[in-house]
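Close look at the chain arrangement
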Amino acid sequence: MVKIYLKVYFGGRLIDKNSANLSIASSAVLYGLSVYTVFPVFVTENGRLAAFRLKEHFNRLQESAKIIGIDGFNGEWDFEKFTDAAAKLIKENEIKEDVFVRASVHVDEQLPGTRSRGLSTALSMFAYEALPILPQNGARLKTSVWRRVPDFSIPSRAKVNGAYVNSVLAKQDAIDSGYDDCIFLDTNGHVCELSAANIFIVKGGRLITPDTASDLLEGINRRTVVTLASEAGLETEERVVDLTELYIADEVFACGTSAFIAPIIEVDARKVADGKPGLVTTKIKKLHEDALRGSNKEHANWLTFI
Ligand code: PMP
């Protein structure tokens, strides 16, 4: 069981996690009508805790709410209030180690029917042990029998709880088949992402990743990797990606808050190159870790000290 810290932020204050309850009649429970993000709060090189790219997480949360039409949140919350809530959560729990914080905006109105506007919302935040969702020394992926829900059905750039049934189906299918995670394809058979991480290929010294119109979540770490790679002299092509490009790639890796940078060593029973984490992936992993820990002074503004 993953450790969840006792004090949680809910309904404007910190309370014990067992007292933070949503009604069984709320839209959050009935329709999965909540939007969320997960951000890391890590111990930096100087021993202080810092949230990574918190502003981008807050912006994406607001954008998710806007896309879905959850209009109660955006007027009530701003970045300063959000940062304060996160800081209170970390301090009250006396957290001294790496954690992930899940922040969700729930539509907690009871039985409003299938609509989103003008309804009451509640923000929750809880902190938990920062365990990776993928093996960090080589993960194995299987193409999912389930296709990624397209943008014209449930927009993937909105991080909305209900849409994650799609990810659960695909990840469970992969696990049932003995793999670590899935590769989601879109309705045309092009590569989107994993169940909860973005994907990159390395081919001929260049990075390739599905573009943002490829039915994927616009990951904050995806954007971070493109920036860090470019600074290291590696350009990224963002375009439509075929599944078979993964089979013949020099390297493949996944990235995300909870995936970190995870080398992919096998796809659909085919080894990626020699089946070992590659040099570019290892380099990107190190650059990402340095950014998270505050060793990269160029990007000190990515950290919000708590
Ligand atoms: N895709 C999906 C479907 C996800 O759930 C996540 C995790 N939030 C990601 C990609 C990676 O996004 P990020 O880098 O912002 O964590």
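A brief look at the structure comes next. For clarity, every value in this text was computed on a predicted model and none was experimentally measured.

Focus: the site of the ligand
- With respect to spatial proximity, 15 residues lie near the ligand, and among them Arg60, Tyr164, Glu193, Asn221 and Thr257 are the closest.
- Between Lys159 and the ligand, the recorded distance is 2.9 Å, taken from a side-chain N or O atom to a nitrogen atom.
- At a separation of 2.5 Å, an oxygen atom of the ligand approaches a polar side-chain atom of Tyr164.
- Its free accessible area being 390 Å², the ligand has 96% of it covered by the protein chains.

Focus on the packing of aromatic side chains
- What the rule picks out here adds up to 14 aromatic pairs.
- Their ring planes at 90° and their centres at 5.8 Å tell us that Phe52 and Trp302 sit as a pair that is edge-to-face. Taken as a pair, Phe52 in strand E4 (residues 49-52) and Trp302 in the loop between helix H8 (279-293) and strand E16 (303-305) lie far apart in primary sequence, 250 residues in all. A single burial state applies to Phe52 and to Trp302, both of which are buried.
- Through pairs of rings, three or more aromatic residues link up here, namely Tyr9, Phe39, Phe58, Phe73, Trp77, Phe79 and Phe82.
- Just above the ring of Tyr179 sits the side chain of Arg140; from NZ or CZ to the centre is 4.7 Å.
- In this arrangement the basic side chain of Arg270 is found over the ring face of Tyr247, its NZ or CZ atom lying 4.1 Å from the centre.

Some thoughts on helix H4 (residues 79-92)
- Look at H4: 20 Å from first C-alpha to last across 14 residues, which is about the 20 Å you get at 1.5 Å a residue.
- Buried within H4 we find Phe82, Thr83, Ala85, Ala86, Ala87, Leu89 and Ile90.
- Just downstream of H4 lies Glu94, where phi reads positive at about 50°.

Focus on a nonpolar patch on the surface
- On the surface, Val145, Trp146, Val165 and Leu169 cluster together into a nonpolar patch covering about 380 Å² of accessible area.
- Residue placement: Trp146 occurs in the loop between strand E7 (139-143) and helix H5 (164-176).

Quick word on the sheet that holds strand E1 (residues 7-10)
- Taken together, the seven strands give an open sheet; going across it, the order is E2-E1-E6-E5-E3-E4-E16, and neighbouring strands pair in antiparallel fashion. Of all strands in the sheet, those bounded by a partner on one side alone are strand E2 (13-16) and E16. Each adjacent strand pair in this sheet contributes to an overall mean axis angle of 30°, direction not counted.
- Across three bridges, the pairing between E4 and E16 is antiparallel. What sits directly across from Ala51, in E16, is Thr304.
- Packed on one face of the sheet, helix H2 (residues 54-68) meets strand E3 (34-43), E4, strand E5 (99-107), strand E6 (121-129) and E16 and runs near 175° to E3.

Focus: the packing of H2 against H4
- Taken N-terminus to C-terminus, the directions of H2 and H4 make an angle of 115°; their axes are 11 Å apart at the nearest point. Between H2 and H4, the angle falls in the class roughly perpendicular. Seen along the crossing, H2 lies across H4 with a hand that is right-handed. Taking contact as the criterion, the partners of Leu54, Lys55, Phe58 and Leu61 in H2 are, on H4, Phe79, Phe82 and Thr83.
- Here the residues of the contact of H2 with H4 are counted per class, giving five nonpolar, one polar and one charged.

Cut-offs and rules
- Residues numbered from 1 in each chain as written.
- Predicted model: local features only at pLDDT ≥ 70, side-chain atom pairs only at ≥ 80, totals over all residues.
- Heavy atoms only, no water.
- Near = heavy atom within 4 Å.
- Polar contact = N/O pair within 3.5 Å; in protein donor to acceptor, adjacent residues only side chain to side chain.
- Areas by Shrake-Rupley, 256 points an atom, 1.4 Å probe, with all protein chains shown as cover.
- Phe/Tyr/Trp six-rings, centres within 6.5 Å; stacked < 30°, edge-to-face > 60°.
- Helix = DSSP H or I, 4+ residues; strand = E, 2+ residues; numbered from the N terminus.
- Buried < 20%, exposed > 50% of the residue type's maximum accessible area, 1.4 Å probe, protein only.
- Lys NZ or Arg CZ within 6 Å of the ring centre and 35° of its normal.
- Expected span 1.5 Å × (residues − 1).
- Patch = residues over 30% accessible without salt bridge, like charges linked within 9 Å, V, L, I, M, F, W, Y side chains within 5 Å.
- Salt bridge = Lys/Arg side-chain N within 4 Å of Asp/Glu carboxyl O.
- Pairing = 2+ DSSP bridges.
- Axes fitted to C-alpha atoms, helices over the stretch in contact; angles between N-to-C directions.
- Contact = heavy atoms within 4.5 Å.
- Parallel < 35°, antiparallel > 145°, perpendicular 65-115°, else oblique.
- Left-handed = near helix turned anticlockwise from the far one by under 90°.
- Nonpolar A, V, L, I, M, F, W, Y, C, P; charged D, E, K, R; others polar.

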